[in-house]
Amino acid sequence: IPESGHKYYLHFSTEDYRTGEDAGNCLATVLYPKKKSPPVVSIKCSHTKDQKEIQEEDNRLYQKMKHQNKPITGNNIPDSYGSIELALEPVWALAVAGSSSIMWQKSTETLGYFLAQVKSVRQWIRKDDFIEFDYTVLLHEIPTQEIISCHMRLTWLPGHPLKVKHFCAAQSHALDEGSGAESGSAAGPAAEKGANF
Amino acid sequence: HQVLRIVPQSDEELQKVQELQGLEHLQLDFWLGPRGLGLPVDIHVPFPSLQAVKAHLEAAGVSYSIMIEDVQALLDEEQMEMLRSTRQLPLNTNTFNYEAYHTINEIYNFMDMLVAENPNLVSKLEIGRSTENRPLYVLKFSTGGTNRPAIWIDTGIHSREWVTQASGVWFAKKIVQDHANNEGVASILETMDIFLEIVTNPDGFAFTQTTNRLWRKTRSKHSGSICVGVDPNRNWDAGFGEAGASSSPCSETYHGPYANSEPEVKSIVDFVKSHGNIKAFVSIHSYSQLLLYPYGYTYTAVPDQQELHEVSAKAVAALSSLYGTQYKYGSIITTIYRASGGTIDWTYNQGIKYSFTFELRDTGRYGFLLPAKQIIPTAEETWLALKVIMEHTRDNLY
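It should be emphasised that the depicted structure is a prediction, and the values quoted were computed from it without experimental measurement.

Considerations on the confidence of the model for chain B
In step 1: Scored by pLDDT, chain B has a mean of 94; 97% of the residues are at 70 or more.
In step 2: Overall fold confidence for the complex sits at a pTM of 0.80, while the interface term, ipTM, reaches 0.82.

This is how it looks when you write it as structure tokens:
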């Protein structure tokens, strides 16, 4: 749209992350303004899943994680071979949900993300009803192919929206070491030749 | 638990030992039962009974020796040995586990076994060495002839894309099986050769196993930077250094100091040029579920765009027919993004019309960390698409 930016019209279907069942359709418009500000989004979705069923599943998930005698911890989820321990699946599910919020905030018209791996997770036991986790998640950035390491703190109580705080490592000329946090520089002082757009 | 050895020297001693057999509560396990004088009796004694047994023997003046001081330790060691050896030595390519991810050595061992089992069909070529001096091996599948028109397939150029190397191993076995059963690609092998490079980036692959599972590039070092590695899919001489690659050594899409700076790339370039008769070139990546053809470095469509698009449609349909896996297809630049210095842009410009790139499963749920149980389904469906490409090439030689 001349003078305004680019507008996208989207019609997409959604599915349950665990089961793959159809979970409804959405219609959305996304306007990326000419200046680098976040997009303007309007969206409307139809939900095929029953609210009550969702609540029950949430509660089950919550109970599993709330009643631990020791704080849940984990590393490399999934592992190198793509496996996720059964006991860590709920924790992974929360990570997927939480990192989607990070990815939403970071993405632009030309930069997108996938969750590559949960590098580490640690539960913080709280006295109140909320459950809380500290994560290090690795995001795969497209089209730069970079792996971005983000620290995410997530709090949740069924019936409440997920609270996510995050901090992603800046791209730097850091050494590549074993921690798996792939760093690289996407920009130098000179104009980046491969702008990857 | 210990194993004691007694060699009865007299009838009395023999009798004492036989008495032990009757004492069920001791739970003795005779590995070698009493057979006669001068013949060893080996008794596996559980820990709680050790005192009693030794006392019984000593009281009777029967000498014994401790053959095995700690049975459990032996068992543990053996277990470890077994695990180690099943990892190291599947006996042949029929006992090889295609449903698992393997180490470089396991894959190299597989290749040698495949060649040994099928010397009239398969040979192993070393086309060069990596930066860290690892051999770059290519399997050649040929039923004869001299420099027949050929198909090239490579997997693992980006080391973190593990399902690709794993699929490459499966393809190798599949080719041999088809030939043996005179089906599938057997007909293609009558007139064409197939070259398959499974571990195209061995340094990167080793690094993903020892240090960083998400490593993509090669492992070359560059003066002036502490960062390591060049993106081997930005290092080819097609639009090299233009938009669609990075000039920063720390970037995942660093194109390198100059085209073909990476031995992993140069060795393929040299091979393709000296062979001179390669008619189809397929470079395999993951993930995204895409089938792509050139160009990535420019919006200009390739002259053969229409044909490549049609072949892609057929290939993708064949792939989906197996498990319903959905693929998209098109030129690199219109389907994903601009990328310069890419493999198939170069091979196309060399005159290899049927140049394709695959992005295998999945679409982001597991991404690079695709569960091992998806290796075979992925390889099977991809193979159907590869066959479409190979058959079309054979039927449309140029």
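A few points about the packing of aromatic side chains
In step 1: In total, this model carries 25 aromatic pairs over all chains according to the counting rule given.
In step 2: Considering the side-chain rings of Y81 of chain A and W162 of chain B, the 5.8 Å spacing of their centres and the 50 degrees angle between planes classify their relative orientation as tilted. Of the two residues, Y81 of chain A sits in the loop between β4 (73-77) and α2 (89-106) while W162 of chain B sits in helix α5 (residues 162-181), which places them in two different chains.
In step 3: Look at Y81 of chain A and you get partly exposed, because its relative accessible area is 42%.
In step 4: A network of ring pairs unites the aromatic residues Y81 of chain A together with Y101, W162 and F205 of chain B as a single cluster.
In step 5: Across the ring face of W124 of chain A, the terminal group of R122 of chain A is positioned such that the distance to the ring centre comes to 4.6 Å.

Side note on the UniProt feature "domain: Cystatin LXN-type" (unreviewed entry) in chain A
In step 1: Summarizing the sequence annotation, UniProt attributes the feature "domain: Cystatin LXN-type" (unreviewed entry) to residues 1-53 and 73-177 of chain A in the numbering used throughout.
In step 2: As a span, residues 1-53 of chain A carries 6% helix and 55% strand, and end to end its C-alpha atoms are 42 Å apart.

A few points about the nonpolar core
In step 1: The biggest cluster of nonpolar side chains holds 119 residues, and the ones touching the most others in it are Y135 of chain A together with F141 and F358 of chain B.
In step 2: If we skip the residues at most four places from it in the chain, F141 of chain B touches L114, L121, V122, A172, I175, V176, L189, D193, I194 and L196 of chain B.
In step 3: Within the second largest apolar cluster, 13 residues are counted, among which are I6, V17, I43 and V62 of chain B.

Let's talk about the state of the cysteines
Two cysteines joined by a covalent bond between their sulfur atoms form a disulfide.
Residues and elements named next belong to chain A.
In step 1: All told, the structure shown has three disulfides over all chains when counted by the stated rule.
In step 2: The side chain of C26 participates in a disulfide bridge whose partner is C45; the two sulfur atoms lie 2.0 Å from each other. Every disulfide takes its handedness from the sign of the S-S torsion; for C26 and C45 that torsion is 110 degrees, giving right-handed. Of this pair, C26 sits in strand β2 (residues 22-33) while C45 sits in strand β3 (residues 40-45), and the two are 19 residues apart along the sequence.
In step 3: Taking the relative accessible area as the measure of exposure, C26 reaches 5% and is therefore buried.
In step 4: Disulfide partner of C150: C168, at an S-S distance of 2.1 Å. Handedness of the C150-C168 disulfide follows from its S-S torsion of about 100 degrees: it is right-handed. One end of the pair, C150, is in strand β7 (residues 147-156); the other, C168, is in strand β8 (residues 163-168), and 18 residues separate them in sequence. Accessibility classification places C150 together with C168 in one group, the buried group.

What about the pattern of salt bridges?
Residue and element names in this part refer to chain B.
In step 1: The tally for this structure, following the rule as stated, stands at 19 salt bridges over all chains.
In step 2: Its salt-bridge partner being K174, residue D178 comes within 3.4 Å of it at the nearest N-O pair. Here D178 pairs with K174, and both are found in helix α5, just four residues apart, close to one helical turn.

Some details on the pairing of strand β5 (residues 122-129) of chain B
Residue and element names in this part refer to chain B.
In step 1: Here seven bridges tie β5 to strand β6 (residues 135-141), and the two strands are oriented antiparallel to one another. Within the sheet, the bridge partner assigned to V122 lies in β6 and is F141.
In step 2: Following β5, the chain reverses through five residues before pairing antiparallel with β6; N133 in that reversal takes a positive phi of roughly 65 degrees.

A word on the sheet that holds strand β4 (residues 64-68) of chain B
Residues and elements named next belong to chain B.
In step 1: Spatially, four strands are ordered β2-β3-β1-β4 in an open sheet, and the strand pairing comes out antiparallel. Each edge of the sheet is formed by a strand with only one pairing partner; in this case those strands are β2 (29-32) and β4. Between one strand and the next, the sheet's axes are offset by a mean angle of 30 degrees, whatever the strand orientation.
In step 2: Of the pairings in the sheet, the one linking β2 to strand β3 (residues 41-45) comprises three bridges and is antiparallel in character.

Remarks on the domain arrangement of chain B
In step 1: Domains assigned within chain B are domain 1 (2-69) and domain 2 (92-216 + 237-395).
In step 2: The C-alpha centroid of domain 2 of chain B is placed 64 Å from the C-alpha centroid of domain 1 of chain B.

Some thoughts on the domain arrangement of chain A
Size of an interface: often given as the accessible area lost when the parts come together.
Residues and elements named next belong to chain A.
In step 1: Taken domain by domain, chain A holds domain 1 (1-49) and domain 2 (69-168).
In step 2: Domain 1 and domain 2 are separated by 22 Å when their C-alpha centres are compared.
In step 3: Each partner contributes to the interface: domain 1 provides five residues, whereas domain 2 provides five residues.
In step 4: Run the count over domain 1 and domain 2 and you get zero salt bridges.
In step 5: Applying the counting criterion to the domain 1 and domain 2 interface returns two residue pairs in polar contact (both at pLDDT 80 or more).
In step 6: For the side of domain 1 that touches domain 2, the per-class residue count stands at four nonpolar, one polar and no charged.

Details of the side chain of T208 of chain B
All names here are of chain B.
In step 1: With respect to the element layout, T208 can be found in helix α7 (residues 202-210).
In step 2: Here T208 falls in the buried class, since its relative accessible area comes to 3%.
In step 3: Polar contacts involving the side chain of T208 include one to the side chain of W162, which spans 3.0 Å.
In step 4: If we ignore the near neighbours within four places in the chain, the residues touching T208 are S159, R160, W162, R213 and W215.

Some words on the packing of helix α1 (residues 11-22) of chain B against helix α2 (residues 47-59) of chain B
A pair of packed helices can be characterised by two numbers: the angle between their axes and the separation between those axes.
Residue and element names in this part refer to chain B.
In step 1: The geometry of α1 relative to α2 is characterised by a closest axis approach of 10 Å and an angle of 155 degrees between their N-to-C directions. By the angle between their directions, the pair α1 and α2 is classed as roughly antiparallel. Our pair here, α1 against α2, has a crossing hand that is right-handed. In this structure, α1 uses K16, E19 and L20 to contact α2, whose residues at the interface are V53, H56 and L57.
In step 2: For the contact of α1 with α2, a count of residues per class yields three nonpolar, one polar and two charged.

Reading guide: rules and limits
Residues numbered from 1 in each chain as written. Chains lettered and ligands numbered in written order. Predicted model: local features only at pLDDT ≥ 70, side-chain atom pairs only at ≥ 80, totals over all residues. Heavy atoms only, no water. pLDDT = per-residue confidence, 0-100. Phe/Tyr/Trp six-rings, centres within 6.5 Å; stacked < 30°, edge-to-face > 60°. Helix = DSSP H or I, 4+ residues; strand = E, 2+ residues; numbered from the N terminus. Buried < 20%, exposed > 50% of the residue type's maximum accessible area, 1.4 Å probe, protein only. Lys NZ or Arg CZ within 6 Å of the ring centre and 35° of its normal. UniProt positions renumbered as here; feature names shortened; annotations may be inferred. Core = buried A, V, L, I, M, F, W, Y, C linked by side-chain atoms within 4.5 Å. Contact = heavy atoms within 4.5 Å. Disulfide = S-S within 2.5 Å. Salt bridge = Lys/Arg side-chain N within 4 Å of Asp/Glu carboxyl O. Pairing = 2+ DSSP bridges. Axes fitted to C-alpha atoms, helices over the stretch in contact; angles between N-to-C directions. Domains from an automatic or database assignment. Polar contact = N/O pair within 3.5 Å; in protein donor to acceptor, adjacent residues only side chain to side chain. Nonpolar A, V, L, I, M, F, W, Y, C, P; charged D, E, K, R; others polar. Parallel < 35°, antiparallel > 145°, perpendicular 65-115°, else oblique. Left-handed = near helix turned anticlockwise from the far one by under 90°.

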